[in-house]
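Given next are the chains, with one letter for each unit.
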Amino acid sequence: KYLKKDCNDIYVLIGDNKIKTNFEEIFRTYFIKSRGIKVNFIDNFDTELLISSAVNLSTFGWKKEAIPITQTKNSLITRIFKSIFG
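None of these values were measured; they are calculated from a predicted model. (Residues numbered from 1 in each chain as written. Predicted model: local features only at pLDDT ≥ 70, side-chain atom pairs only at ≥ 80, totals over all residues. Heavy atoms only, no water.)

Each aromatic ring pair is specified by the distance between its two centres and by the angle formed by the two planes. Here the structure, examined in full by the defined rule, presents two aromatic pairs. Judged by centre distance (6.2 Å) and plane angle (40°), the ring pair of Phe-27 and Phe-41 falls under tilted. Separated by 14 residues along the polypeptide, Phe-27 in helix H1 (residues 17-35) and Phe-41 in strand E2 (residues 38-41) bring together distant segments of the chain. The exposure class assigned to Phe-41 is buried, which follows from its relative accessible area of 13%. Ring plane angle 10° and centroid distance 5.9 Å describe the contact between Phe-81 and Phe-85, whose orientation is recorded as stacked. Here Phe-81 and its partner Phe-85 are both found in helix H3 (residues 76-85), four residues apart, which amounts to about one turn of the helix. Here Phe-81 falls in the partly exposed class, since its relative accessible area comes to 48%. (Phe/Tyr/Trp six-rings, centres within 6.5 Å; stacked < 30°, edge-to-face > 60°. Helix = DSSP H or I, 4+ residues; strand = E, 2+ residues; numbered from the N terminus. Buried < 20%, exposed > 50% of the residue type's maximum accessible area, 1.4 Å probe, protein only.)

This is how it looks when you write it as structure tokens:
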């Protein structure tokens, strides 16, 4: 379903180098001819780097993520008491 949308690139990781060398050109020609999608093969894949990136992302979120903050409007009496008593 994802490839039916406007997708220009896909990334493929194949663990076995023999399979990668045999099928790399087949993958590229199939996706380019049928859908116009560029296939990028990932050569250097570090599992620890992927896990640490996922942990950082789930812990801290995206840097440009919008986090909604609700602000309650205080009444006049509440504002006076907050200004006096802190």
